[in-house]
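# Summary of structural features
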Amino acid sequence: MVDEILGEAEERMGKAIDFLKRDLSMMRTGRASPVLVENIKVEYYGVPTPLKQIASITVPEARQLLIQPWDKNSIPSIEKAIVKSDLGVMPSVDKDVIRINFPPLTEERRKELVRVVRKRVEDGKIAIRNVRRDALEDIRKLYKDKKISEDEERRAIERLQKITDRFIDEATKLGKLKEEEIMEE
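Owing to the predicted nature of the structure, the values given are computational and were not obtained by experimental measurement.

For the chain, the helix and strand inventory stands at 4 helices and 6 strands. Shown N-terminal to C-terminal, the secondary structure of the chain runs as helices and strands in the order α-β-β-β-β-α-β-β-α-α. Against the globule reference of 16 Å for 185 residues, the chain gives a C-alpha radius of gyration of 22 Å, more extended than a compact globule. With the C-alpha coordinates aligned to their principal axes, the bounding extent of the chain is approximately 70 × 40 × 20 Å. For the chain, with 185 residues in total, the buried portion stands at 39%. Element-wise, carbon and sulfur atoms account for 50% of the exposed surface of the chain, whose accessible area totals about 11200 Å². Between the averaged position of the 38 positive side-chain charges in the chain and that of its 37 negative side-chain charges there is a distance of 2 Å.

Right, dumping it as structure tokens:
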């Protein structure tokens, strides 16, 4: 029973880390990356559709994205969705393609992005701690219901803390890497 509780907690903490990785990967750094726009929802024949499902996204230059829609009629919708997104860039339509040029980040914008990274990392750590709290309640309930001994409870709590510490450290490392990436010139 304890192993099931710890296994489920570890799985849920892993999902929190996966979400944090995805979240941080979509944050803009000095370089262009298809990840920045691929999940932008575009109104496509009345259905909100991720951009990656209706166009190819390439990086012809370090600070430029090139979006080639498979349906040329979707260009205005794609352009509108990019403008509405929080990227803070203006797309330019060039015949059948859309170009997005990313200006270099200012020092002020970099610091702002670092603050956002720290907030998202802290949110990830809170999610991990919430999973720990839930698992701790389950372990204590097993002890209270006399399904495990006091020693087993103590060992389970120690194992849970080690798992939690490992995931908290991973979240911290992800945040530090993203901050370094943002602060690079």
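Below, the discussion takes up the side chain of Lys178. Relative to the elements of secondary structure, Lys178 occurs in helix 4 (residues 150-183). Among the residues examined, Lys178 registers a relative accessible area of 7% and is labelled buried. In contact with Lys178, other than residues within four places in its own chain, are Leu24, Ser25, Met27, Thr29 and Val117.

This part is about unusual backbone geometry. Phi is positive for Tyr45, close to 50 degrees, though the residue is something other than glycine. As for its placement among the helices and strands, Tyr45 is situated in the loop between strand 1 (41-44) and strand 2 (47-50). Judged by its relative accessible area of 62%, Tyr45 is exposed. Even without being glycine, Lys95 reaches a positive phi, approximately 60 degrees. Examined against the element boundaries, Lys95 turns out to sit in the loop between strand 5 (91-94) and strand 6 (97-101).

This paragraph deals with the pattern of salt bridges. For the structure shown, the criterion picks out 16 salt bridges. Here Glu122 ties to Arg129 by a salt bridge, and the two come within 3.3 Å at their closest N and O atoms. Take Arg129: its relative accessible area is 32%, and that puts it in the partly exposed class. Between Arg154 and Glu158 there is a salt bridge, with its nearest N and O atoms 3.6 Å apart. With Arg154 and Glu158 both in helix 4, this residue pair falls 4 residues apart, about one helical turn.

The rules behind the values
- Residues numbered from 1 in each chain as written.
- Predicted model: local features only at pLDDT ≥ 70, side-chain atom pairs only at ≥ 80, totals over all residues.
- Heavy atoms only, no water.
- Helix = DSSP H or I, 4+ residues; strand = E, 2+ residues; numbered from the N terminus.
- Rg over C-alpha atoms; globule rule 2.2 N^0.38 Å.
- Buried < 20%, exposed > 50% of the residue type's maximum accessible area, 1.4 Å probe, protein only.
- Areas by Shrake-Rupley, 256 points an atom, 1.4 Å probe, with all protein chains shown as cover.
- Lys, Arg positive; Asp, Glu negative; His and termini not counted.
- Charge placed at Lys NZ, Arg CZ, Asp CG, Glu CD.
- Contact = heavy atoms within 4.5 Å.
- Salt bridge = Lys/Arg side-chain N within 4 Å of Asp/Glu carboxyl O.

Keep in mind these values describe shape, not function.
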